[in-house]
Amino acid sequence: MNTLEEWLAYVERQHPQAIALGLERVQEVFSRLDAAPAFPVITVAGTNGKGSTTAMLESVLACAGYRTGLYGSPHLLRYNERLRIGRREADDGALVEAFRAVEAVRGNVPLTYFEYGTLGALWLLARERVDVAVLEVGLGGRLDAVNVVDADCAVVTSIGIDHVDYLGPTREHIGKEKAGIFRAGRPAVIAEPHPPATLLAAPGRQLRIGRDFGYAAQPSQWAYWGPGGRRAALAYPALRGAIQLRNASAALCALDALHDRLPVAMQDVRRGLAEVELPGRFQVVPGRPQIILDVAHNVEAAGELARNLDASGFASETIAVCGMLRDKDVRGVLSVLDRRVTRWMFCSLRGPRAASADHLVAAHRAIGSLNPAQAFDSPAQALAHAREIAGENDKIVVFGSFLTVAEAMQWLNNNKTSIR
């Protein structure tokens, strides 16, 4: 196997399940891999907001002159998006080398696609000798492959109901899983305003929003306060949405907690927040009609998307292109957003977990909506139709899954609309 595509196809076949939580397999292979980090590690978990928080941490630390490593998932257009070193995506050759290193020591241990990728990323980060690594938890925390590494600082951004088949049906169950990334005696940043008791009972030197750190929003700027003091007159982060102030304050609190090892100056914070980029988080595509891409796929994220739409200005028509997975709270998500949408374009996704467009239409009817709805075979078909019928001053919002946004991005790129 010589190409990244060949390796990814091989990796996908090495475990009978797409998701199989547990650290035993990963720990066994990790112990043979010689990939233990010799640099500070910040691990970020949360139902929503972890991608934004990791991106802000990477941006600020890079602006401070550190050689950063960032590992996250899932990707949108290229697997290479999952691993960035020095703010640049890992190239195919480096990823192939990492997969070969894992395979060389794996033996007969079956690894999932995510576990294989995580071990490869940790090996490459160690080989590249980054100054600091920011790791995004894939699912939960306690049993996620990323948790094979002891975080020097752990962050939990939010606790919402999602992935109940794996994490449990309540916020208490989910809080316990997220808290699994905390380590005794090490800082644990909690940005969830209403943390469940299971999260608060976890070990670690806990820093809670509203008690140990926080923020104050003003019309054109904002202020942060935390263990390192107060930082005022900050420009809003480049990522859109009011929730990003909470994510930014969590990132700054983590940097405060690690200040002795990773000092960051005020100008680095300002520049880092101004330069941060993360596709698919209320991403507004240039041109008319306005197209908004958002990976929101649970009730909490749908609520934030609704608030962002409320704040984004009036449009006579707001057309939703929506594709979701069957194991999500489809009715809950549609109920939250139906008041902000005037017309629905439901689409089928590919894969065993995907909900069909007809399933989504039925769920839409079940919530009692009077808004018109149509079914399409794919996000590309739905978006193409939405573009045909939308007026210049209308909005099209594409959401429901990373898969939905990824296919929409590909369609836009193929139809001469530039997506970064």
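Here, every reference points to the structure presented above.
Residues numbered from 1 in each chain as written. Predicted model: local features only at pLDDT ≥ 70, side-chain atom pairs only at ≥ 80, totals over all residues. Heavy atoms only, no water.

Novice: I'm lost on the state of the cysteines in this one. Help?
Specialist: Disulfides are covalent bonds that connect the sulfur atoms of two cysteines. If you walk through the whole model with that rule in mind, you get zero disulfides. With no disulfide of its own, Cys253 has Cys153 as its nearest cysteine by sulfur position, at a separation of 7.1 Å. Cys322 supplies the cysteine sulfur nearest to Cys347, a cysteine that is in no disulfide, at a spacing of 6.7 Å. (Disulfide = S-S within 2.5 Å.)

Novice: Please clarify how the packing of helix α2 (residues 24-33) against helix α4 (residues 92-106) should be interpreted in this entry.
Specialist: Two quantities define a packed helix pair, namely the angle between the axes and the distance from one axis to the other. Interaxial distance between α2 and α4 falls to 9 Å at its minimum, and their mutual angle equals 105 degrees. By the angle class used here, α2 and α4 are roughly perpendicular. Contact residues: α2 offers Val29, Arg32 and Leu33, while α4 offers Ala101, Val102, Val105 and Arg106. Counted by class, the contact of α2 with α4 contains five nonpolar, no polar and two charged residues. (Axes fitted to C-alpha atoms, helices over the stretch in contact; angles between N-to-C directions. Helix = DSSP H or I, 4+ residues; strand = E, 2+ residues; numbered from the N terminus. Parallel < 35°, antiparallel > 145°, perpendicular 65-115°, else oblique. Contact = heavy atoms within 4.5 Å. Nonpolar A, V, L, I, M, F, W, Y, C, P; charged D, E, K, R; others polar.)

Novice: Honestly, the pattern of salt bridges in this entry has me stumped. Any pointers?
Specialist: Any two side chains of opposite charge can pair, given that their charged atoms come close. Taken as a whole, this structure holds 24 salt bridges when the rule is applied. We note a salt bridge from Glu128 to Arg127, for which the minimum N-O separation is 3.0 Å. Residue Glu128 is classed as partly exposed on the basis of its relative accessible area of 25%. The exposure class assigned to Arg127 is partly exposed, which follows from its relative accessible area of 35%. The partner of Arg340 in a salt bridge is Asp310, and the shortest N-O contact between them spans 2.7 Å. Residue Arg340 is found in the loop between α12 (330-337) and β15 (343-347), and its partner Asp310 is found in helix α11 (residues 299-310); the two are separated by 30 residues along the sequence. On the accessibility criterion, Arg340 (17% relative accessible area) is buried. If you follow the salt bridges from partner to partner, you end up with Arg67, Glu97, Arg127 and Glu128 in one network. (Salt bridge = Lys/Arg side-chain N within 4 Å of Asp/Glu carboxyl O. Buried < 20%, exposed > 50% of the residue type's maximum accessible area, 1.4 Å probe, protein only.)

Novice: Please explain the packing of helix α14 (residues 379-389) against helix α15 (residues 402-414) as it appears in this structure.
Specialist: Relative orientation of the contacting elements α14 and α15 amounts to 60 degrees, with a least axis distance of 8 Å. Relative to α15, α14 is oriented oblique. By crossing handedness, the relation of α14 to α15 is classed as right-handed. Residue-level contacts link Pro379, Ala380, Leu383, Ala384 and Arg387 of α14 to Thr404, Glu407, Ala408, Trp411 and Leu412 of α15. Looking at side-chain class alone, the contact of α14 with α15 contains seven nonpolar, one polar and two charged residues. (Left-handed = near helix turned anticlockwise from the far one by under 90°.)

Novice: When you look at the sheet that holds strand β10 (residues 222-226) in this model, what are you seeing that I'm missing?
Specialist: Two modes of strand pairing occur in sheets, parallel and antiparallel, and in both the strands are linked by backbone hydrogen bonds. Here we have three strands laid out as an open sheet, ordered β9-β10-β11, and antiparallel in their pairing. Each edge of the open sheet is held by one strand with a lone partner, namely β9 (214-217) and β11 (229-234). On average, each strand axis in the sheet is inclined to that of its neighbour by 15 degrees, with strand direction left out of account. With four bridges connecting them, β9 and β10 associate as antiparallel partners. Residue pairing for β10: Ala217 is matched across the bridge by Trp222. Those strands touched by helix α9 (residues 243-257) are β9, β10 and β11, and its axis lies near 40 degrees from that of β10. (Pairing = 2+ DSSP bridges.)

Novice: Explain unusual backbone geometry here, please?
Specialist: Backbone geometry follows two general trends: most residues other than glycine have a negative phi, and most peptide bonds adopt the trans configuration. A cis amide bond, omega -10 degrees, links Ser73 with the succeeding residue Pro74. Counting through the fold element by element, Pro74 comes out in the loop between β2 (68-71) and β3 (83-85). Here the amide bond leading from Arg288 into Pro289 is cis, since omega sits at -5 degrees, within 30 degrees of zero. Within the element layout of this structure, Pro289 appears in the loop between β12 (283-285) and β13 (290-293). Even without glycine at this site, Asp34 takes up a positive phi of about 55 degrees. The backbone of Arg87 shows a phi angle near 70 degrees, a positive value even though the residue is not glycine. Here Arg87 shows up in the loop between β3 and β4 (88-89). Its relative accessible area of 26% is what places Arg87 among the partly exposed residues.

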